[in-house]
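Next come the chains, spelled out residue by residue.
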Protein chains: 2
Amino acid sequence: MTIQTIRELINERTEEYLDQLFTLLKQPSISAQNIGMEETSTLVKNMMQDIGMDAHLLETDGYPVVYGEKLNADNDFTLLIYGHYDVQPPDPVDAWDSPPFEPTVRDGKIFCRGAGDNKGQLMAQLLAIKSYQDVFGELPINIKLVFEGEEEKGSPNLAKFVEEHKELLHADLVYTSDGPMHESGAPFVLLGVRGLLYVELTAKGADWDNHSGNKGNIVPNPAWELVDLLHTMKDRDGNVLIDGFYDHIRQPTEEELELISTLPYDQKTLGKQIGYEDFDMTKEDYYRKLTMEPTFNIAGFHSGYGGEGTKTIIPSTATLKMDMRLVVDQDPADIYDKFTAHVKKYAPGVEVKWLGGMLPSRTPADTEVVGVVRNAVEKAYHQPPILQPSLGGSLPDYVWTKILGVPSVVVPYANFDEANHSPNENIGLDNFFDGIICTCQVIQELGNRA
Amino acid sequence: MTIQTIRELINERTEEYLDQLFTLLKQPSISAQNIGMEETSTLVKNMMQDIGMDAHLLETDGYPVVYGEKLNADNDFTLLIYGHYDVQPPDPVDAWDSPPFEPTVRDGKIFCRGAGDNKGQLMAQLLAIKSYQDVFGELPINIKLVFEGEEEKGSPNLAKFVEEHKELLHADLVYTSDGPMHESGAPFVLLGVRGLLYVELTAKGADWDNHSGNKGNIVPNPAWELVDLLHTMKDRDGNVLIDGFYDHIRQPTEEELELISTLPYDQKTLGKQIGYEDFDMTKEDYYRKLTMEPTFNIAGFHSGYGGEGTKTIIPSTATLKMDMRLVVDQDPADIYDKFTAHVKKYAPGVEVKWLGGMLPSRTPADTEVVGVVRNAVEKAYHQPPILQPSLGGSLPDYVWTKILGVPSVVVPYANFDEANHSPNENIGLDNFFDGIICTCQVIQELGNRA
């Protein structure tokens, strides 16, 4: 028997499988607003049990993790599949062409909140396990499912959960299907993410705005204080001047640099996508800066008058929001300490607040199971996947690579235009069914490997 | 006959003089909204004519100047008195304890929009001329009155008006009563103002905000561009690094420095007034920085996200509003050229916009007529005036000192808490009547001088 048999099975069961997905999609699960969370977690648990898995709701400090396992494989390789059953709020509801929680098929796509992010991809995993078992009788590897309910809130309790369930979650590979495939339609295998440190700085001058004439040169200006402070933090070439900021950065391996050189790159299209016509960067620079180097970004700077025309004041406060994307093995807690020490030295009156942090994560490209996944994905999609060392963005991937100590890959199943977090979120019918095939292929290849 | 006779006359005419003032106060004249401007200018012209002056409305590109003169004095000394008949809008009207255009006497003060700024002070000038003539038969000097209707709009047409009427306006001294007296109740004689240059800088990155993860290090950040630019403009000690910024600054004379040393100074009270407890500056530093040195102020800096919590974006634009208070003999047009040249050199993509400019002005403290005014004010108030070389703020005083080439002094008549530009604007009854006396005294002393 081959994967071709799975495809045939899916063709027979198209309606049944869509029914399953629609049942899940119809059930709202908005974690930010605590809507339908209990119902959805129970529904997902029941779906796991229906395909013969041992499934439970595991408590966290927030919404429960739906955990399922099937451990009776002949070999001891364990695949942990991560996903999330919560969705973004549907607002603005008026911008949807069909009601956000009524799955509607148009133009070969299923439109519904959660269709792409992440219920469609999560359901592809479940139906892959079901299909595989129905065709081949049993799974060739052990499988653990961890579907959390707080991803859209930034996974505030996931790290603690993983820490507390290390033994239960022990695995040889973590596999996540979330986000969109490459714009060309090619599949992705992503090996990591950048981490994050988000801080807010507040400088205070006088207790109220003062007249810039009657008090000019007399009252300290907190906007200038932040500007002067920023200057001590970064030179004009972009180098961060905070002591130790670059410590612990893992240099890209030759394999990773080699990988980058094989990635697709279209500078002109990219310039259009980011809204910057003058965009001019070599492919190597682009991927290195995006995936291997930290950022030191001003996300917001606000002080004083911002309306039309003139207002002559010395502002009383200035606020700066900065986010730093971190790369392996920078640690947001360590960078925060260094950052605050720097502020204490150069502008002791400025208040620094931690607004968020996430460790970076990267699985080495030469990890053996990465090669197995890569081959499986190539077989499923009949084209080689784009293997990227890291996302520019951040996901809680470190809970697997750092806390659990397991390699982790992200293989997105959704179409590039899935509109996640936006109105008219969708997943292509093909993307959904191809996702089932891909998971089956990964399971089979990992089984063959043993 | 002495000024005492004037005081007696005023006592007899209290009701009549208040009637005159109330008539003017009841007539709204909101230049920003073009409310009652024609009626008020005609009313003021008629009031001038009623006291025997040759009065006209002189056209400008905006509201007319009400011009009056009485030139038949025995000696050829000419005093030009400047004032304005327009007022600020009364908003927020709900915050007034009595209707803003109904003069109401409470606690020894007249509450009405324009009471202090500037109709009460303007009327004190008119009634001084009337009183002086009624007591002494005729004026000992020539007097010209220039009451404009656009001061609350920043006097956009005054410079051109003065330029076009140099001969008509020729005088030996310009005298302005506007603003409040010293907080101690002591009179002020102010010898100048700082000028102003107000610019807006706009930096642009991409056409829209980009995700700071997916695009971090790739898209240029305009907030950083402005921060980097600002750093090239000023060092941490506050020195402006723009080429030629300090050229043309007139060094304080010994007399001016001497003046400063005689000024009242209470650091603690000042700290409270500006809302800055840590305020710590010597008197000499305070007055030198406030009146003799230019500023380089950030009045507003806005870019990116400013709400609660985090938003991870690379802002697409950043806007900076800066005002520079200039001192004699800096010229805003010259500084603007130097400023834009600097920006062109260090951040050619940043757009600079001129939002406003005003020349600084200073009349030397050792000018002979300044001494005469000083003595007159001392006699009127029975205490020596505080003679300050310059205001920290800006007024169009340069039209007299630079365009007309005449010494100019500002002698405010309103109480310190006149609440100009605010709800419950007022002038003390004593301040109004003392103002009449003071103008008479000035007229008499200037006459004696000849």
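Remember, it's a predicted structure, so these values are computed and weren't measured experimentally. (Residues numbered from 1 in each chain as written. Chains lettered and ligands numbered in written order. Predicted model: local features only at pLDDT ≥ 70, side-chain atom pairs only at ≥ 80, totals over all residues. Heavy atoms only, no water.)

Let us look at the interface of chain A and chain B. The partner chain B presents 68 residues to the 68 residues of chain A that form the contact. Summing the contributions of chain A and of chain B, the shared interface buries around 5,400 Å²; its carbon and sulfur component is 57%. Together, I218(A), W224(A) and R236(A) form the three largest contributors to the area buried by chain A at its contact with chain B, with a combined 14%. Where chain A packs against chain B, one counts two salt bridges. A salt bridge links D228(B) to K234(A); the nearest nitrogen and oxygen atoms lie 3.5 Å apart. Seen at the junction of chain A and chain B, the total is 45 residue pairs in polar contact (both at pLDDT 80 or more). Counting residues per element, the ones that place at least two in the side of chain A that touches chain B are β11 (210-211), α7 (222-233), α9 (267-273), α10 (283-291), β12 (297-304), β13 (313-314) and β14 (317-326) of chain A. A per-class count over the side of chain A that touches chain B returns 28 nonpolar, 26 polar and 14 charged. Looking at chain direction, β12(A) and strand β12 (residues 297-304) of chain B are connected through five bridges and run antiparallel. Directly across from G304(A), in β12(B), lies its bridge partner G300(B). (Contact = heavy atoms within 4.5 Å. Buried area = accessible area lost by both parts, 1.4 Å probe. Salt bridge = Lys/Arg side-chain N within 4 Å of Asp/Glu carboxyl O. Polar contact = N/O pair within 3.5 Å; in protein donor to acceptor, adjacent residues only side chain to side chain. Helix = DSSP H or I, 4+ residues; strand = E, 2+ residues; numbered from the N terminus. Nonpolar A, V, L, I, M, F, W, Y, C, P; charged D, E, K, R; others polar. Pairing = 2+ DSSP bridges.)

Residues and elements named next belong to chain A. Domain parsing of chain A yields domain 1 (3-193 + 361-448) and domain 2 (195-252 + 292-358). Relative placement of domain 1 and domain 2: their C-alpha centres are 38 Å apart. Of the roughly 890 Å² buried between domain 1 and domain 2, counting both surfaces, carbon and sulfur atoms make up 54%. Here domain 1 and domain 2 share one salt bridge between them. (Domains from an automatic or database assignment.)

Residue and element names in this part refer to chain A. Taken as a whole and judged by the stated rule, the model has 38 salt bridges over all chains. Here D334 ties to K338 by a salt bridge, and the two come within 2.9 Å at their closest N and O atoms. Taken together, the positions of D334 and K338, both in helix α11 (residues 332-346) and four residues apart, correspond to about one turn of that helix. Since its relative accessible area comes to 24%, D334 is described here as partly exposed. Its relative accessible area of 17% is what places K338 among the buried residues. Each of the salt bridges in this network shares a partner with another, and the network as a whole consists of R13, K130 and D134. (Buried < 20%, exposed > 50% of the residue type's maximum accessible area, 1.4 Å probe, protein only.)

All right, on to unusual backbone geometry then. In this model, D117(A) is joined to N118(A) through a cis peptide bond whose omega is 10°. The topology assignment puts N118(A) in helix α4 (residues 115-136). Residue P92(B) is reached from D91(B) by a cis peptide bond, and omega for that bond is -10°. In this structure, P92(B) sits in the loop between β3 (78-84) and β4 (104-106). The phi torsion at N34(A) lies on the positive side, around 50°, for a residue other than glycine. With respect to the secondary-structure elements, N34(A) resides in the loop between α2 (14-26) and α3 (37-50). N34(A) sits in the exposed class, given a relative accessible area of 51%.

The subject of this paragraph is the packing of aromatic side chains. All names here are of chain B. Throughout the structure, instances matching the rule amount to 25 aromatic pairs over all chains. On the basis of an interplanar angle of 80° and a centroid distance of 5.8 Å, the ring pair of F245 and F296 is categorised as edge-to-face. Taken together, the residues span a long stretch of sequence, with F245 in the loop between α7 (222-233) and α8 (254-262) and F296 in the loop between α10 (283-291) and β12 at a distance of 51 residues. The buried category is assigned to F296, whose relative accessible area is 8%. (Phe/Tyr/Trp six-rings, centres within 6.5 Å; stacked < 30°, edge-to-face > 60°.)

It is worth spelling out the state of the cysteines at this point. One pass over the full model with this rule turns up zero disulfides over all chains. C440(A) carries a free sulfur, and the closest cysteine sulfur to it, the one in C438(A), is 9.3 Å from it. (Disulfide = S-S within 2.5 Å.)

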